[in-house]
Amino acid sequence: MKVTILGAGAIAGAHADAIRGLAAHGGPDGVELTHVVDVDARRAAAFAAEHGVPHHGTDLQALLDAGLVDAVHICTPPSVHLDAALAALRAGAHVVVEKPAVLSLAEADALAAAERQAIDAGLPGRFTQIVQHRFGAGIQRLRRLLDDGTLGPAYVAQCDTLWFRTPEYFEVPWRGRFDTEGGGTTMGHGIHQFDLLLAVLGPWTEVRAMAGRLARRTDTEDVSTALVRFASGTMTTITNSAISPRQTSRLRFDTEAATVELEHLYGYDDASWTVTPVAGREDVAEVWAADVALTRDGGASGHLAQLVPTYRALAEGRTPPVTVADTRATLELAAAIYRSAFTDATVRAGEIVEGDPFHASMAGTGTPWPPVR
Ligand SMILES: NC(=O)c1ccc[n+]([C@@H]2O[C@H](COP(=O)([O-])OP(=O)(O)OC[C@H]3O[C@@H](n4cnc5c(N)ncnc54)[C@H](O)[C@@H]3O)[C@@H](O)[C@H]2O)c1
């Protein structure tokens, strides 16, 4: 399978390393990183030299037309993702796109329609998105213990992405703008953690949120907070921040049998989890520990952990584990946070439909603060 990386910037190296590591970690043989493409020819050339990629260039479409791409990893700024994904799907190539996959629910719907058309036309290409934290052993263990009833129902959850980004971070031209980044710290940072919340708790029903631009010179928010009720009844809080000096990424689930906590920054392993059972349910901690003892590679999350099952599925003609519907569900929660924050109203699941300004853009009816540019 011939793989091209599109966009040779900061995150592309994680893709190159993971593609290289596939076969040694249980992925299929024969997945080969053949090309790197960037609008900036020098960046493509430097990346190719650093990562030993045989070919580099500036024109993805030419490679697709020549039949040289079986899968493309889209690592460009978010505003480029949709067009690149549509071009790849039309050419029959698989799409592995970085978060946020696209800028809006309208774009997610266009993506879903394109994948459906490709499938109907008998083309092999499938869509998937990088959400690497869904693939650490701890999240999968937590899901299993909730699904089989060991933990009992989840009553309360907290989901915090408290990160720190300097003013210089936002000087990159595509950052800090709704039209190029999709949103601020909610879309750019918190999305990792609340995607996990959705992966564990399933569908949400209502959101009340606030957003602020407190400290950075951006059009987008640098803080958002939300109260979210899930269909299961679980009540949760979400905090997303780009201006928190002691950085952490944190999830906490209070279930009937135990409090289960994850604390990490940009990736976790089994040591990042704490399980505190209620009196009389020490069996939960024992079940957790027994599973940890059986887990290979320390249970690390990351691009490799996601790409192994993804490429196994692609090689066998199966749907990859993260689908366009998963992508849309996470973007719908982001859109609901923006709509609730910017319109001062409760937002219910399924309410943001075509014709709603928050369907077309996360900025929706506009921010409560003036744009800086
Ligand atoms: N999964 C994660 O943990 C993670 C971490 C960081 C970034 N990301 C995501 O990865 C994506 C890229 O982020 P980054 O920090 O690597 O950005 P970056 O700015 O460092 O790199 C982007 C690259 O894309 C190139 N590019 C821009 N427009 C292009 C086009 N039309 N065609 C081809 N190349 C083009 C740029 O020249 C640059 O080399 C974003 O969506 C970001 O949110 C994900």
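Above: the structure in question.
Keep in mind that what you see is a predicted model, and the values were worked out from it rather than measured. (Residues numbered from 1 in each chain as written. Predicted model: local features only at pLDDT ≥ 70, side-chain atom pairs only at ≥ 80, totals over all residues. Heavy atoms only, no water.)

K.L.:
Please explain the pairing of strand β11 (residues 243-255) as it appears in this structure.
P.N.:
If a strand is regular, its side chains alternate between the two faces of the sheet. Alignment of strand β7 (residues 154-164) against β11, held across 9 bridges, turns out to be antiparallel. Bridge pairing links F164 to I243 in β11. Judged from the 6 bridges that link them, β11 and strand β12 (residues 258-264) form a sheet pairing that is antiparallel. Bridging from a neighbouring strand, L251 pairs with L262 of β12. (Pairing = 2+ DSSP bridges. Helix = DSSP H or I, 4+ residues; strand = E, 2+ residues; numbered from the N terminus.)

K.L.:
What exactly am I supposed to notice about the packing of aromatic side chains here?
P.N.:
The geometry of an aromatic ring pair is captured by the separation of the ring centres together with the interplanar angle, meaning the angle of the planes. Taken as a whole, this structure holds 9 aromatic pairs when the rule is applied. Where Y169 meets F170, the ring centres are 4.9 Å apart and the plane angle is 85°; that geometry is what we call edge-to-face. Taking the relative accessible area as the measure of exposure, F170 reaches 11% and is therefore buried. Linked through ring pairs, F178, Y338, F342, F358 and W369 together constitute an aromatic cluster. If you follow R165 out to its NZ or CZ, it ends over the ring of Y169, 5.3 Å from the centre. One cation-aromatic arrangement involves R216 over F164; the distance from NZ or CZ to the ring centre is 5.4 Å. (Phe/Tyr/Trp six-rings, centres within 6.5 Å; stacked < 30°, edge-to-face > 60°. Buried < 20%, exposed > 50% of the residue type's maximum accessible area, 1.4 Å probe, protein only. Lys NZ or Arg CZ within 6 Å of the ring centre and 35° of its normal.)

K.L.:
Hey, could you run me through the site of the ligand in this one?
P.N.:
In the vicinity of the ligand, 24 residues are found, and the nearest of them are I11, D38, E98, K99 and Q132. Separating an oxygen atom of the ligand from a backbone N or O atom of I11 is a distance of 2.9 Å. Here H81 contributes a side-chain N or O atom positioned 3.4 Å from an oxygen atom of the ligand. With the chains in place, 81% of the 860 Å² that the ligand exposes on its own is no longer accessible. Partitioning the shell around the ligand into residue classes produces 12 nonpolar, 7 polar and 5 charged. Composition of the shell around the ligand by domain shows at least three residues from each of domain 1 (2-132 + 304-321) and domain 2 (134-300). (Near = heavy atom within 4 Å. Polar contact = N/O pair within 3.5 Å; in protein donor to acceptor, adjacent residues only side chain to side chain. Areas by Shrake-Rupley, 256 points an atom, 1.4 Å probe, with all protein chains shown as cover. Nonpolar A, V, L, I, M, F, W, Y, C, P; charged D, E, K, R; others polar. Domains from an automatic or database assignment.)

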